[in-house]
Amino acid sequence: MSDIKNKVTVEIYGESYALKGNIEPERIMRLAAMLDERMKKTAKANLRLSPTKIAVLTALNIADEFLRVEQDYLELIELIKEDK
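Below you will find a few notes about this structure. Computed from a prediction, not measured in an experiment: that's the story for all the values here.

## Some remarks on the nonpolar core
Listed in full, the eight residues of the largest apolar core are V8, V10, I12, I28, A32, M39, A43 and I54. When residues of this core are traced back to their parent elements, those giving at least two are β1 (6-12) and α1 (25-45). Per-element accounting of this core gives the leading share, four residues, to α1. Discounting chain neighbours no more than four positions away, the residues touching I28 are V8, V10, L19 and I23.

## A look at α1
The terminal C-alpha atoms of α1, which comprises 21 residues, lie 30 Å apart, in line with the 30 Å expected from a rise of 1.5 Å per residue. On the buried face of α1, the contacting elements are β1, β2 (15-21) and α2 (51-83).

## Observations regarding the environment of R30
Locating R30 in the fold gives a position in helix α1. According to the relative accessible area criterion, R30 is exposed, its value standing at 68%. For the pair R30 and D64, spaced 34 residues apart in the sequence, the C-alpha separation amounts to 20 Å.

## Digging into the pattern of salt bridges
As enumerated under the stated definition, the model contains four salt bridges in all. Between K40 and D36 there is a salt bridge; the shortest N-O distance is 3.0 Å. On the criterion of helical spacing, the pair formed by K40 and D36 is a turn pair, its members being four residues apart in helix α1. For K40, a relative accessible area of 47% gives the class partly exposed. The residue R68 makes a salt bridge to D64 at a minimum N-O spacing of 2.9 Å. One end of the pair, R68, and the other, D64, are both in helix α2, four residues apart, so they sit about a helical turn from each other. Residue classification places R68 among the exposed positions, given a relative accessible area of 54%.

## Some details on unusual backbone geometry
Residue Y13 is not a glycine yet carries a positive backbone phi of 50°. With respect to the helices, strands and loops of the structure, Y13 is situated in the loop between β1 and β2.

## A short note on the packing of α1 against α2
As a packed pair, α1 and α2 sit with axes 9 Å apart at the nearest point and diverge in direction by 115°. With respect to α2, the axis of α1 lies roughly perpendicular. Here the hand of the crossing between α1 and α2 comes out right-handed. Judged by residue contacts, L35, R38, M39, T42 and A43 of α1 engage P51, I54, A55, L57, T58, N61, I62 and E65 from α2. For the contact of α1 with α2, the residue count by class is eight nonpolar, three polar and two charged.

Conventions used here
Residues numbered from 1 in each chain as written. Predicted model: local features only at pLDDT ≥ 70, side-chain atom pairs only at ≥ 80, totals over all residues. Heavy atoms only, no water. Core = buried A, V, L, I, M, F, W, Y, C linked by side-chain atoms within 4.5 Å. Buried < 20%, exposed > 50% of the residue type's maximum accessible area, 1.4 Å probe, protein only. Helix = DSSP H or I, 4+ residues; strand = E, 2+ residues; numbered from the N terminus. Contact = heavy atoms within 4.5 Å. Expected span 1.5 Å × (residues − 1). Salt bridge = Lys/Arg side-chain N within 4 Å of Asp/Glu carboxyl O. Axes fitted to C-alpha atoms, helices over the stretch in contact; angles between N-to-C directions. Parallel < 35°, antiparallel > 145°, perpendicular 65-115°, else oblique. Left-handed = near helix turned anticlockwise from the far one by under 90°. Nonpolar A, V, L, I, M, F, W, Y, C, P; charged D, E, K, R; others polar.

If you want it as structure tokens, here you go:
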């Protein structure tokens, strides 16, 4: 991994964040836009939640999706192994 640190400022759910890392700025902006959209969607469905609870609920939803994709991936790997 490169030692180059990219800096980018993004806005997520009305808050600005100055981020620095080895990820391309375009990717950081895309991730931030995705998270912002997901948090707004969560907030729209849960009008009485605080921003912190919206963030946690959104994170749980994303984690659930990740685990489902991971499980699908592992099952696909097993199917590929069985076909060999």
